[in-house]
Amino acid sequence: MSPSDRDQGRADAAGRASDPLAPATTPDDAVLLTARGIRKSFGDNEVLRSIDLEVRRGEVVVLIGPSGSGKTTVLRSLNGLETPDRGTLSFAGGPDLDFSTRVSKQGRVAMRDRSAMVFQQHNLFPHMTVLENVIEGPVRVQRVPRARAVAEAEALLERVGLAEKRDEYPFSLSGGQQQRVGIVRALALKPDLLLFDEPTSALDPELVGEVLKVIKELADEGWTMVVVTHELGFARQVADEVLFMDGGVVVERGAPKDIFTKPAEERTRRFLDRILRPFD
Amino acid sequence: MSPSDRDQGRADAAGRASDPLAPATTPDDAVLLTARGIRKSFGDNEVLRSIDLEVRRGEVVVLIGPSGSGKTTVLRSLNGLETPDRGTLSFAGGPDLDFSTRVSKQGRVAMRDRSAMVFQQHNLFPHMTVLENVIEGPVRVQRVPRARAVAEAEALLERVGLAEKRDEYPFSLSGGQQQRVGIVRALALKPDLLLFDEPTSALDPELVGEVLKVIKELADEGWTMVVVTHELGFARQVADEVLFMDGGVVVERGAPKDIFTKPAEERTRRFLDRILRPFD
Amino acid sequence: SSSAPESGDAAAGDDYGLAKAGTLTVATEGTYRPFSYHDEGSGDLVGYDVEIAEAVAEELGLEIEFQETQWDAIFAGLEAGRADVIANQVSINPEREEKYLFSSPYTVSPSVVVVAEGDTSISSFDDLAGKTTAQSLTSNFYQLAVDAGANVEAVEGWAQAVALLEQGRVDATVNDELTYLDYVKENPDAGLEVVAETDPTQSALAFAKDRTALVKAVDEALETLRADGTLAEIGEKYFGADVSE
Amino acid sequence: MDASGWQLFLDSFWPIVWGGVSGTIPLALSSFALGLVIALGVALARLSKNRVLSGAARFYISVIRGTPLLVQLFVIFYGMPAIGIVLDPWPSAIIAFSLNVGGYAAEIIRAAILSVPKGQWEAGYTIGMGQATTLRRIILPQAARVSVPPLSNTFISLVKDTSLASLILVTELFRVSQQIAAFSQEFMLVYLEAALIYWLFCLVLSSGQGMLERRLDRYVAV
Amino acid sequence: MDASGWQLFLDSFWPIVWGGVSGTIPLALSSFALGLVIALGVALARLSKNRVLSGAARFYISVIRGTPLLVQLFVIFYGMPAIGIVLDPWPSAIIAFSLNVGGYAAEIIRAAILSVPKGQWEAGYTIGMGQATTLRRIILPQAARVSVPPLSNTFISLVKDTSLASLILVTELFRVSQQIAAFSQEFMLVYLEAALIYWLFCLVLSSGQGMLERRLDRYVAV
Ligand SMILES: Nc1ncnc2c1ncn2[C@@H]1O[C@H](COP(=O)(O)OP(=O)(O)OP(=O)(O)O)[C@@H](O)[C@H]1O
Ligand SMILES: Nc1ncnc2c1ncn2[C@@H]1O[C@H](COP(=O)(O)OP(=O)(O)OP(=O)(O)O)[C@@H](O)[C@H]1O
Ligand SMILES: [Mg+2]
Ligand SMILES: [Mg+2]
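Residues numbered from 1 in each chain as written. Chains lettered and ligands numbered in written order. Predicted model: local features only at pLDDT ≥ 70, side-chain atom pairs only at ≥ 80, totals over all residues. Heavy atoms only, no water.

An unreviewed UniProt entry lists chain D under the name Cystine transport system permease protein, with Agromyces terreus given as the organism. Of the comments in the UniProt record for chain D, the one headed Subcellular location (unreviewed entry) reads "Cell membrane". Check the Sequence similarities (unreviewed entry) section of the UniProt entry for chain D; it says "Belongs to the binding-protein-dependent transport system permease family." (UniProt positions renumbered as here; feature names shortened; annotations may be inferred.)

The name given to chain A in an unreviewed UniProt entry is Cystine transport system ATP-binding protein, with Agromyces terreus as the source organism. As recorded by UniProt, the Subcellular location (unreviewed entry) comment attached to chain A reads in full: "Cell membrane".

Right under this line is the structure:
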């Protein structure tokens, strides 16, 4: 990893304090992240069997696939929450990790700093208010001055319609509001890459829309993201590329309209059928 | 309540030991259940404000509505898990309850015996095998001889494709399988009325189909049921009547094709929009 | 280490190996009336043994400090070198003489068999055979009762033994005559009587094996106190009699 | 440890163990069994909607936990005769320890019952069971699993607390050690030996707990 | 209670309370505070992936819980001088009770840490925190809430267990009662009075617990 490249990215980020919701970089065709041959087993269970992935700046990649196919494990590997057994992961501007050899702690930390995850169950900190949740990362980890972190957090909350909730504890918010705070918490870190793991599947159906809307806006504004979701309609509108995973491999990948309308693989077709037409 | 009417019903039930999946009565136009002016408050929170409901034998009534609108509370009132503050509930063949006066314990028990509930979170007994879960009610409560209860349970499990799971504990089943066992457990009681509270909303999307399929088959076979669901496609296919609830009242009711295509009320339309087109 | 003398002090007790220089540290129960107890329950530490120890310390030109604890811990404290001496009616017996040094005795009193008034089935130590008595484990009396063939129930002290006797749950208790006398003085209606007594037992101050110099000095002090009538005086105060011989 | 100390250690070992086997263990086991029954009753009373019942249960728990066990033993053994109830040492000890366990375990059982999801009650009701049947067939078996670790702690404490029974004339492990210590005047050595033997007993009990937990865990994913 | 009994009760009340205020309470509070620190360390060691560390923690917990507190006190006060460590009664008592609390509370804290959903760790990591920061900022504040009730129980037990401190020359509530009982020979009455005073202390402590719980509960729905 080259620190100067890295600082470059940060400098971009710092320049946009006026609009904290804007992504770190403008969309272009530069590759942000390359993963090659990622493998991961839990005991005997081979969960990922050589996953390849490329994410360009400003691109939205959607992962779909049945339960247990390894989607979450892919995201967690990208965020450094899981250490693959093999394969390489490299971010433009570093780090560059090869998991066939022992990866240093710094390497994993550096990788984690490039991305931020939004979880299915939001995982907000219940003992902190909305604002405290959002500024915790910037203030404690990134050492941003508190006043600036608060100002940015307020702008972000405003943007997702939660300005007046800043001093509430998470328990008093609805599921959709909690999830939006989760997104803001990730955005406040100004990561290069946003990771979403089924951000709406724990929500009541009528709350799904408000969260998807925020994610769609982020996509439109040029944030780079990898999204695991079962909301196929959403995927079709937002994704630049869709990957269908099953049994730890990427079975098929392509533009959403291709995957959804004429899947090449029988497995993909069956999966889509089960979701789109559950009771025929 | 007239005991002889009631025994009549049971006698019907007893006559179908050979096909336990068949409903207690054949579909006809007789009203099975009438609810009038059901009200219920939790503290200051008026959750149900005069709900009227009529369910005919063999009919499928679907309740839809936003979170907190009182759908679950309606179902629970029908199953005697919740005691309304006011209103009347009467089953053909008894009991006939008026909640404006104090309702006897026997009355509530009698009402509960007429219906069985399938929960969102399945609520299987984790310490019992699949078979034990299913025969617990018949053997312990209805005093059915064990051998007969086992035979009927096996037939039911066979019918939903879970025959070979009879000796497994619930934790080792998938969500869809657990939910199907939950349905079998309710069926084994041979209730006159089946109540489903969002039976698929805790499931992975690709498991939803297998459960809805079973419910649809039950509907086709003439079981009487009240279903709370957000699966509008399913509701459209299966429901005889759809009720849209909001804020503790039934805002609109009618045939599914009417409700879904040309809702009379603005509130209904907005709700349907949020669910059907969450990200426009 | 513990015997380091303080320079300014008159070097009293230099050779005794005291736990705390210039101070005689005395272990005692503090809950054993009338030998070692608190005046009015929560007042000063007083009692026959306490005053004897105080007199000895004064005679030796030492400060005195009491360490109050249960019987089990008293001996542990002596062995750990935390206390220099035990003043708690420790009766001299062969097992103890093997482990500890003793001063010359300062209490000589018989042990008595106490029964509920009117119980005629016991009139001697031999009658205890097959009977049940209540004794505190740590006392010499326990051994006496066992030797007499009694079933011994171990209790924490005199008060519990008397309670059991009064409730009819044991037949007798063996104890020091002095304890008995003190009790009936306070509780004249207790309904107890003495039916037998032994030859007098001797109680003395107990020391760790290596404190010969201290024992020698204490013996001399006791001799002086005996000679000048102090021991007798203290006995008069607590028992109305000199019990030191 | 010198030779005579070692000899004393060896000579005392079996007598102390025997004190445990004949005193401590039967006393602890019987009090614990009885205590659990009391605790279940108290826990149910505490959970009941009846204010008098739940108030009485709270009071009971508060007194048992707020006062020293020693005094509880004294009251039962030395105090009850004042109102004409004279009990032998063993019954007194078992009653006192059961009542004590009853107070501590009641809170554990109550928490365990509350930890079973409400949906399990409702599932019981919807298949037609009454409250009592649901409790017995559905809730308690699940509560049992949750309460094994804290109840084991209570039991292990009880094993050591039974040493207080010597105060009311029950001979058990600790009393035997005290006797040996008093006669040998080797308090430190003998108490250390007693501690070692308590510890061995506790290790055995803990492994029993492990087995029980595994048995009760058979129906949950690990 | 007759007149002289009543008089004794009144005369003893303040001395016993004073024994509590000057002995029991400071001893219990300081040992508990120190014990919590030890417990946190032991709990973290027990949770660590390092086998030696977690094995040592297990052993420590097992010994502390498997042996009588009385022996632990004995060893520290009367045993340590044999290896040249001579401590005064109060320091000895505080060390012994802290180590004891450390063993019991370690398991409570461990369970409380484990009870915080794994997702909270991951949320900490994903905003860039390391393990130590996540533990301190995210996990422990949540674990605190869960552990207040069982820790209060430990504390209440400790309050009563401090009566053993009299063995090592610390004068506290129970010692004062023993002195009064020895003088008056009315042990039943005096011990009952001591129990009453312990109970009063515990009631005060429980209400403190209630306040603490309400404070910690402010961020959860009720
Ligand atoms: N920490 C773990 N230890 C052991 N096995 C694990 C672990 N995490 C995941 N697995 C296993 O890895 C497989 C893939 O899990 P993963 O969560 O990545 O799937 P997924 O595609 O996200 O599924 P879902 O749609 O249910 O979230 C599953 O079989 C799962 O049981
Ligand atoms: N036991 C209870 N005590 C207090 N309030 C309750 C209770 N049960 C339900 N409520 C309240 O009643 C209202 C209606 O709840 P209900 O569960 O019936 O709604 P619902 O339509 O089923 O919603 P959802 O789609 O989220 O399941 C809500 O405001 C809820 O908070
Ligand atoms: Mg997943
Ligand atoms: Mg509901």
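A. Broad picture of the nonpolar core. In this structure, A:Met225, B:Met225, D:Tyr78, E:Phe74 and E:Tyr78 are the most contacted members of the largest nonpolar core, which totals 335 residues. Once you skip the residues sitting within four places of it in the chain, D:Tyr78 turns out to touch C:Val155, C:Gln160, C:Ala163, C:Leu164, C:Gln167, C:Arg169, D:Leu73, D:Leu167, D:Ile168, E:Phe187 and E:Met188. C:Tyr37, C:Tyr106, C:Ala145 and C:Ala172 belong to the second largest nonpolar core, which has 52 residues in total. (Core = buried A, V, L, I, M, F, W, Y, C linked by side-chain atoms within 4.5 Å. Buried < 20%, exposed > 50% of the residue type's maximum accessible area, 1.4 Å probe, protein only. Contact = heavy atoms within 4.5 Å.)

B. Examining the interface of chain C and chain D more closely. Contact residues are listed per partner, giving 21 residues for chain C and 20 residues for chain D. Carbon and sulfur atoms supply 56% of the area that chain C and chain D bury against each other, a total of about 1800 Å² over both sides. Per-residue buried area on chain C facing chain D is highest for C:Asp72, C:Leu137 and C:Arg169; these three make up 31% of the total on that side. Notably, a salt bridge pairs C:Lys99 with D:Glu186, separated by 3.2 Å at the nearest N-O pair. Counting every contact that joins chain C to chain D gives six residue pairs in polar contact (both at pLDDT 80 or more). Elements that contribute at least two residues to the side of chain C that touches chain D include exactly α2 (71–79), α3 (94–99), α4 (140–147), β10 (151–155) and α5 (158–166) of chain C. Broken down by element, the side of chain C that touches chain D gets its largest block of residues, five residues, from α2(C). Of the residues that constitute the side of chain C that touches chain D, the class distribution is 10 nonpolar, three polar and eight charged. (Buried area = accessible area lost by both parts, 1.4 Å probe. Salt bridge = Lys/Arg side-chain N within 4 Å of Asp/Glu carboxyl O. Polar contact = N/O pair within 3.5 Å; in protein donor to acceptor, adjacent residues only side chain to side chain. Helix = DSSP H or I, 4+ residues; strand = E, 2+ residues; numbered from the N terminus. Nonpolar A, V, L, I, M, F, W, Y, C, P; charged D, E, K, R; others polar.)

C. Spatial organisation of the confidence of the model for chain A. Chain-level statistics for chain A give a pLDDT mean of 88 and a share of 89% at 70 or above. In the predicted structure, residues 1–18 of chain A sits below a pLDDT of 50 and forms 23 contacts with residues beyond four places in sequence or in another chain. (pLDDT = per-residue confidence, 0-100.)

D. Quick peek at the UniProt feature "domain: ABC transporter" (unreviewed entry) in chain A. Within this numbering scheme, the UniProt entry marks residues 33–272 of chain A as carrying the feature "domain: ABC transporter" (unreviewed entry). Between the C-alpha atoms that bound residues 33–272 of chain A the distance is 28 Å, and the span itself is 39% helix and 25% strand.

E. Summary view of the site of ligand 2. All names here are of chain B. Around ligand 2, a shell composed of Phe42, Asn45, Val47, Pro66, Ser67, Gly68, Ser69, Gly70, Lys71, Thr72, Thr73 and Glu198 is seen. Ser69 is positioned with one of its backbone polar atoms (N or O) 3.2 Å from an oxygen atom of ligand 2. With respect to ligand 2, the side chain of Thr72 contributes an N or O atom lying 2.5 Å from an oxygen atom. Starting from 630 Å² of accessible surface for ligand 2 in isolation, the protein chains cover 63%. Those elements that provide at least two residues to the shell around ligand 2 are β2 (45–56) and α2 (71–78). With three residues, α2 is the single largest residue contributor to the shell around ligand 2. Its residues assigned to classes, the shell around ligand 2 shows three nonpolar, seven polar and two charged. (Near = heavy atom within 4 Å. Areas by Shrake-Rupley, 256 points an atom, 1.4 Å probe, with all protein chains shown as cover.)

F. Molecular detail of the site of ligand 1. Residue and element names in this part refer to chain A. Around ligand 1, the neighbouring residues are Phe42, Asn45, Val47, Pro66, Ser67, Gly68, Ser69, Gly70, Lys71, Thr72, Thr73 and Glu198. Residue Ser69 places a main-chain N or O atom 3.2 Å away from an oxygen atom belonging to ligand 1. For ligand 1, an oxygen atom lies 2.9 Å from a polar atom in the backbone of Lys71. Within the complex, the protein chains bury 63% of what would otherwise be the 640 Å² of accessible surface of ligand 1. Listed by contribution, the elements that provide at least two residues to the shell around ligand 1 are β2 (45–56) and α2 (71–78). In terms of residues, the shell around ligand 1 owes the most to one element, α2, which gives three residues. Considered class by class, the residues forming the shell around ligand 1 number three nonpolar, seven polar and two charged.

G. Looking closely at the sheet that holds strand β5 (residues 96–98) of chain B. Residue and element names in this part refer to chain B. Ordered by their spatial adjacency, four strands build an open sheet running β2-β1-β4-β5, and the pairing between neighbours is antiparallel. Edge positions in the open sheet fall to β2 and β5, since each of these has one partner strand only. Strand-to-strand twist in this sheet, taken as the mean axis angle between neighbours without regard to direction, amounts to 10 degrees. Across five bridges, strand β1 (residues 31–42) lies against strand β4 (residues 86–91) in antiparallel orientation. Residue pairing for β4: Arg36 is matched across the bridge by Thr88. Across the sheet, α2 is in contact with β1, β2 and β4; its angle to β2 comes to roughly 60 degrees. (Pairing = 2+ DSSP bridges. Axes fitted to C-alpha atoms, helices over the stretch in contact; angles between N-to-C directions.)

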